[in-house]
Amino acid sequence: MPSPQGDRVAVQQGDSFAVFDAAGQKLVTRSGEPDLTWTLPEQPWSPDGRLAVWRVDQRAVHHIPIVDYSNATERVTMVAYAKVGTPIAKAELHILDPISGALTLVPLPHEEGYRWLAGWREDSTALVLHLARDGKRLDLLAIAQDGRVRRLLREERPKTKVADLNFATDGWRAQVVPLPGGEFLWMSERDGWRHVQRYDKDGRFQRQITRGAFPVLRVDRVASDGSLIVTASADPAAPYDERIYRTGRDGGTLRPIATEPGVHTANLSRNGLYLVDSWSSWTSARVRELRRLDGTIAMRLTTADATAVQAAGHTPPEPITVLAADGITVLHGALYRPFGFDPALRYPVIAYIYGGPFGTVVTRNFTGSSMTRSAETLAAAGFVVVAIDVRGSAGRSKAFGDATYGRIGQSEVADYVGGLRQLGAQRRWMDLGRVGIHGHSWGGYFAIRGMLTAPDMFKAGYAGAPGALDEDALVNEPDMGLLRDNRLGYAAGSNLALADRLTGPLRIMHGTADVSAPVSSSMRLIDAFIHANKSVELLAIPGVGHNPEGAVSDYYRDDVVRFFIRTLGSSKAAASAPKSTISVDERTTD
């Protein structure tokens, strides 16, 4: 990471970091150790050439054992993993003067939570985000050159949350945009939708720039004329599409730049007069176009060739809408038809579920995500696959996302059951007497949940790497509240107490090196099934983390297909599908 002046480079070296000059001479180094590390942020250099670095202390954090089974002499590594109700990591911010080598601790507030360096102002003031451990409070802090800390603003939701894991993994990058003169843009759901707010340099609210019953996902750029280029989901008929718009710095109507159906990504030119729009949809492979800011196309740059995918029998999913279990809320999703679909046949059905509060199961671009590609694989094997973004998931209004706050596990499966019945009533080729449920991670938790709470609908389930509400603190606490404040909610969402309700075949896959959803969550479940005298299958994959890759991923995917063919049967169409279509996701091109 080079300094703004180009005379120094900061380098992360494992648990340590070093600063070198232009000739490669080491100027400064600080050594870390396991669980007490030095970590460089994404934008470590201030405009005046100082360096920000985090000191992360995980010594008091709970550790889980990861066993290496690759030889007869097992090796155990202890990995820090903060569970619900246990200590979390502490992050201290230090500012380094590369000339003197002096390292100064920034006196940030002493409270539990999660922190990010969000950027720098022109005067080299650092902007730091602090999210409270329970996700109910988000602070923006300004650290002046002399080290003084001042809170610019606080966003607070005492009854629900301001942010959760979705914010921690990536969303914080879009939260604040510094402007010339010290003003800044701030993303807020204050009016019930995610919109852009403008503040002065002292954190005084100026105005709300975007408005409407839709979320703005991010500010892509402040153009040379001061207008804002934003990505938003502003079409009520397609609430998960991501399209590009332009608006004035003082607000006003969104003016479309790129609004073809699907997912758009904007990359603006340095002069702010053009942008490269990279986009795709379920029916259109990726296109790159050079656009002017009024939306006109200067030229098409690239068009992906999807003929091989189409030749393999790929068809885009069918967009669906159903009503949630409350009978009011409209849910969106996708239906994947089997290879060689014949409406005269009756097809077994698989509900592909995620259900977690910080993501969606359905992606609206051409190649999709690992989840949509898994759904396509099952469809290629002869199943009708239904994926629904249920209440409580991300991407829509504040109220939609808060629908499951503090009560995860209590409505998501019901939304799927109701949706399947609505779809099956219109499509006689869906055999609702042979319905399975499958998902990974949060989807694994909900696949088990479906088998335990809706056995009349789900006759077989396959859960991949399932988590639990008492596992990762950052995953669960912002959406459930702290354990001490919501013990009844945590208990109601636990699958352990429902183990005696299992009636159909259930298979669980878990990697032994999973540090996102530890294998202990599956071990405790299996123990509960044993004590309830219920049969359950387990595929334990040695040395594999949360998301299997390469050949192991192929094995896992094929194991899912084999399980459902064995437990739900298949249609005549499945028998005629060429083997190559089972892995069609590997050949899709965006």
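Residues numbered from 1 in each chain as written. Predicted model: local features only at pLDDT ≥ 70, side-chain atom pairs only at ≥ 80, totals over all residues. Heavy atoms only, no water.

Enquirer: Before we move on, can you summarise the overall build of the protein chain with the specific residues and values?
Expert: Regarding its fold elements, the protein chain presents 11 helices and 33 strands. Rg of the C-alpha trace for the protein chain: 25 Å, near the compact-globule value of 25 Å for 590 residues, within the 12% margin. For the protein chain, the C-alpha atoms occupy an extent of roughly 75 × 60 × 50 Å along the three principal directions. Scored against the burial criterion, the 590 residues of the protein chain give a buried share of 56%. (Helix = DSSP H or I, 4+ residues; strand = E, 2+ residues; numbered from the N terminus. Rg over C-alpha atoms; globule rule 2.2 N^0.38 Å. Buried < 20%, exposed > 50% of the residue type's maximum accessible area, 1.4 Å probe, protein only.)

Enquirer: So, empty space enclosed by the protein: which residues are in play, and what are the values?
Expert: A complete count under the given rule lists one cavity of 30 Å³ or more for this structure. When its volume is computed, the largest cavity comes out at roughly 60 Å³. Together, Trp 282, His 314, Pro 316, Pro 317, Tyr 336, Thr 363, Asn 365, Phe 366, Thr 367, Gly 368, Thr 372 and Glu 376 line the largest cavity. (1 Å grid on protein atoms, 1.4 Å probe; cavity = no way out; pocket = protein on both sides within 12 Å on 5 of 7 lines; lining within 4 Å. Points joined across faces, edges and corners; volume = space filled by probe spheres on them.)

Enquirer: Outline the pairing of strand β15 (residues 184–188), supporting the account with residue identities and numerical values.
Expert: Burial runs high along β15: five of the five residues are buried. Burial along β15 is two-sided: the face carrying Phe 184, Trp 186 and Ser 188 and the face carrying Leu 185 and Met 187 are both buried. Examined bridge by bridge, strand β14 (residues 176–178) and β15 share three bridges and lie antiparallel to one another. Following the sheet pairing, Val 176 is matched in β15 by Trp 186. In this structure, the hairpin formed by β14 and β15 is closed by a connection of five residues, where Gly 181 is found at a positive phi of approximately 85 degrees. The sheet contact formed by β15 and strand β16 (residues 195–199) spans five bridges and is antiparallel. Counted as the bridge partner of Leu 185 is Arg 198 from β16. (Pairing = 2+ DSSP bridges.)

Enquirer: Now, about the layout of surface pockets: what can you tell me, with residues and values included?
Expert: Approximately 850 Å³ is the volume found for the second largest pocket. Val 56, Ala 89, Tyr 114, Trp 116 and Leu 474 are, among the 29 residues lining the second largest pocket, the residues nearest its centre. The dominant element in the lining of the second largest pocket, judged by the number of residues it contributes, is strand β10 (residues 113–120), at five residues. Tallied by class, residues from the lining of the second largest pocket come to 20 nonpolar, four polar and five charged. (Nonpolar A, V, L, I, M, F, W, Y, C, P; charged D, E, K, R; others polar.)

Enquirer: Summarise the confidence of the model for the protein chain; cite the residues concerned and give the values.
Expert: When pLDDT is averaged along the protein chain, the result is 93; 97% of the residues meet or exceed 70. Across residues 573–590, where pLDDT falls below 50, the model places 46 contacts with residues more than four positions away in sequence or in other chains. (pLDDT = per-residue confidence, 0-100. Contact = heavy atoms within 4.5 Å.)

Enquirer: Could you give me a rundown of the sheet that holds strand β11 (residues 126–132), with the residues and numbers involved?
Expert: The strand order across the open sheet built from four strands is β10-β11-β12-β13, with neighbouring strands paired in antiparallel fashion. Looking along the sheet, the strands with just one partner apiece sit at the ends: β10 and β13 (149–156). Averaged over all adjacent pairs, the angle separating strand axes in this sheet is 20 degrees, with direction ignored. Summarising the sheet, strand β12 (residues 137–143) and β13 pair through seven bridges and their orientation is antiparallel. Looking at the pairing, Ala 142 lines up with Arg 150 of β13. (Axes fitted to C-alpha atoms, helices over the stretch in contact; angles between N-to-C directions.)

Enquirer: Please set out the side chain of Ser 233 residue by residue, giving values where relevant.
Expert: Inspection of the secondary structure puts Ser 233 in the loop between β19 (228–232) and β20 (243–248). Within the local environment of Ser 233, its side chain forms a polar contact with the backbone oxygen of Asp 241, the two atoms lying 2.7 Å apart. Not counting residues up to four positions away in its chain, the partners in contact with Ser 233 are Phe 214, Pro 215, Leu 217, Pro 239, Tyr 240, Asp 241 and Glu 242. (Polar contact = N/O pair within 3.5 Å; in protein donor to acceptor, adjacent residues only side chain to side chain.)

Enquirer: Before we move on, can you summarise the packing of aromatic side chains with the specific residues and values?
Expert: Counted by the stated rule, this structure contains 15 aromatic pairs. An angle of 65 degrees between the planes, with centres 5.9 Å apart, marks the rings of Phe 17 and Trp 38 as edge-to-face. Pair noted here: Phe 17 is in strand β2 (residues 16–21) and Trp 38 is in strand β4 (residues 36–39), with a separation of 21 residues, a long-range link. Of the two residues, Phe 17 and Trp 38, both sit in the buried class. Geometrically, the ring pair formed by Tyr 462 and Phe 563 is edge-to-face, given 5.6 Å between the ring centres and 80 degrees between the ring planes. (Phe/Tyr/Trp six-rings, centres within 6.5 Å; stacked < 30°, edge-to-face > 60°.)

Enquirer: Describe the sheet that holds strand β23 (residues 274–280), with residues and values.
Expert: Across the sheet, four strands lie side by side as β22-β23-β24-β25; this open sheet has antiparallel pairing. Bordering the open sheet on either side are β22 (263–268) and β25 (297–303), each of which pairs with just one other strand. Shown here is a sheet whose adjacent strand axes are inclined to one another by a mean of 20 degrees, direction ignored. Both strand β24 (residues 287–292) and β25 contribute to a ladder of five bridges, which runs antiparallel. Among the inter-strand pairings, Arg 291 is bridged to a residue of β25, identified as Ile 297.

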